[in-house]
Amino acid sequence: MNTRTIPVSRGSRRRGLIVAAIALVVIVILAFAVQQSLAAASAAVSQQTTTSDASAPPPPDLTGSVIAPSDADGVIRDGDQPTVFDTDRVAIGNLDPALLDALQRAANDAAGDGLEFRVNSGWRSAALQERMLQDAITQYGSEAEAARWVATPQTSAHVSGKAVDLGPLPTLDWLAQHGSEYGLCQTYANESWHYELRPDAVTDGCPEQYADPTEDPRMQP
Ligand SMILES: [Zn+2]
């Protein structure tokens, strides 16, 4: 009996080993498949978060830039917006002195209402403007559509230091009501943040806004 039972138990042990080996292979394959699908899912998530909102103005997104503009070009990064008093930053310090004076007087008066004048974009170098224009052409697919948002280095009032993009929203509300008292006027109906100096506005009020930069005769090449 003993001689018969031994081969049987050896055979079942071998089968057990084969089953275990197959199970191990299946586990390895499953683990690989799960890892692959997790990688695909995380790639999809990161792609989603980098998709930009087409209704917003083109942000000065300078990642992947061929010639990366620097702080010396007037670059202002998100979360690092200076006030109109931070003249050590070239984006503020290179603004037209009359515009800067009006901005600082307005900001001092608005400070009583707990408001702060933050600058999202001020003076820009021609190189930075050109980079933004090229990015806008890529983003909007044509020079004509890009021109609705971004001027050329030759026509931009930012490059000449005569325009400033302001925030946050409560400050823009305040400026819409009181800006003209300082000669500060919104230029374009589609850019509630873009202000320029119109000295006559102090007595006459601000001129009618252009719908967008393409209606501005100064923007014509
Ligand atoms: Zn602007």
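About the cut-offs
- Residues numbered from 1 in each chain as written.
- Predicted model: local features only at pLDDT ≥ 70, side-chain atom pairs only at ≥ 80, totals over all residues.
- Helix = DSSP H or I, 4+ residues; strand = E, 2+ residues; numbered from the N terminus.
- Contact = placed C-beta atoms within 7 Å.
- Core = buried A, V, L, I, M, F, W, Y, C linked by C-beta atoms within 7 Å.
- Buried ≥ 20, exposed ≤ 12 C-beta atoms within 10 Å, placed from the backbone.
- Pairing = 2+ DSSP bridges.
- Axes fitted to C-alpha atoms, helices over the stretch in contact; angles between N-to-C directions.
- Expected span 1.5 Å × (residues − 1).
- Arc of directions from axis to C-beta.

> Outline the overall build of the chain, supporting the account with residue identities and numerical values.
Summing up its helical and strand segments, the chain has seven helices and four strands in all. The contacts of the chain with a sequence gap of at least 6 include a subset with a gap of at least 24, amounting to 61%.

> How would you summarise the nonpolar core if you had to cite specific residues and measurements?
Generally speaking, a soluble globular protein has its nonpolar side chains buried in company with each other. Counting 35 residues, the largest nonpolar core has L103, V164 and L184 as its most contacted members. For this core, the secondary-structure elements that each account for two or more residues are α2 (90-93), α3 (97-111), α4 (126-140), β2 (163-167), β3 (184-186) and β4 (194-197). Top contributing element to this core by residue count: α3, with six residues. If sequence neighbours within four positions are ignored, L184 has contacts with A102, L103, A106, L175, G179, Y195 and L197.

> So, the sheet that holds β4: which residues are in play, and what are the values?
If you trace the four strands from one edge of the open sheet to the other, you get β1-β2-β4-β3, paired in antiparallel fashion. Where the open sheet ends on each side, the last strands, each with one partner, are β1 (118-121) and β3. Strand-to-strand twist in this sheet, taken as the mean axis angle between neighbours without regard to direction, amounts to 50°. Pairing of β1 with β2 involves three bridges; the strand directions are antiparallel. Residue pairing across strands places S121 opposite D165, the latter belonging to β2.

> How would you sum up the pairing of β2? Please name residues and give values.
The pairing of β2 with β4 spans three bridges and is antiparallel. Residue pairing across strands places D165 opposite H194, the latter belonging to β4.

> Describe α3, with residues and values.
Spanning 15 residues, α3 covers 21 Å between terminal C-alpha atoms, matching the ideal 21 Å at 1.5 Å per step. Of all the residues in α3, the buried ones are L99, L100, A102, L103, A106 and A107. The arc that holds the buried residues of α3, viewed along the axis, is 160°, so those residues lie on one side. Among the exposed residues of α3, those oriented more than 90 degrees off its buried face are P97, A98 and N108. Tucked into the core, α3 has its buried residues touching β2, α6 (169-178), β3 and β4.

> Any chance you could break down the environment of A107 for me, citing the residues and the numbers?
One can find A107 in helix α3. Along the primary structure A107 and F85 are separated by 22 residues, whereas in three dimensions their C-alpha atoms are 8.9 Å apart. Excluding its chain neighbours within four sequence positions, the residues that come into contact with A107 are V84 and F117.

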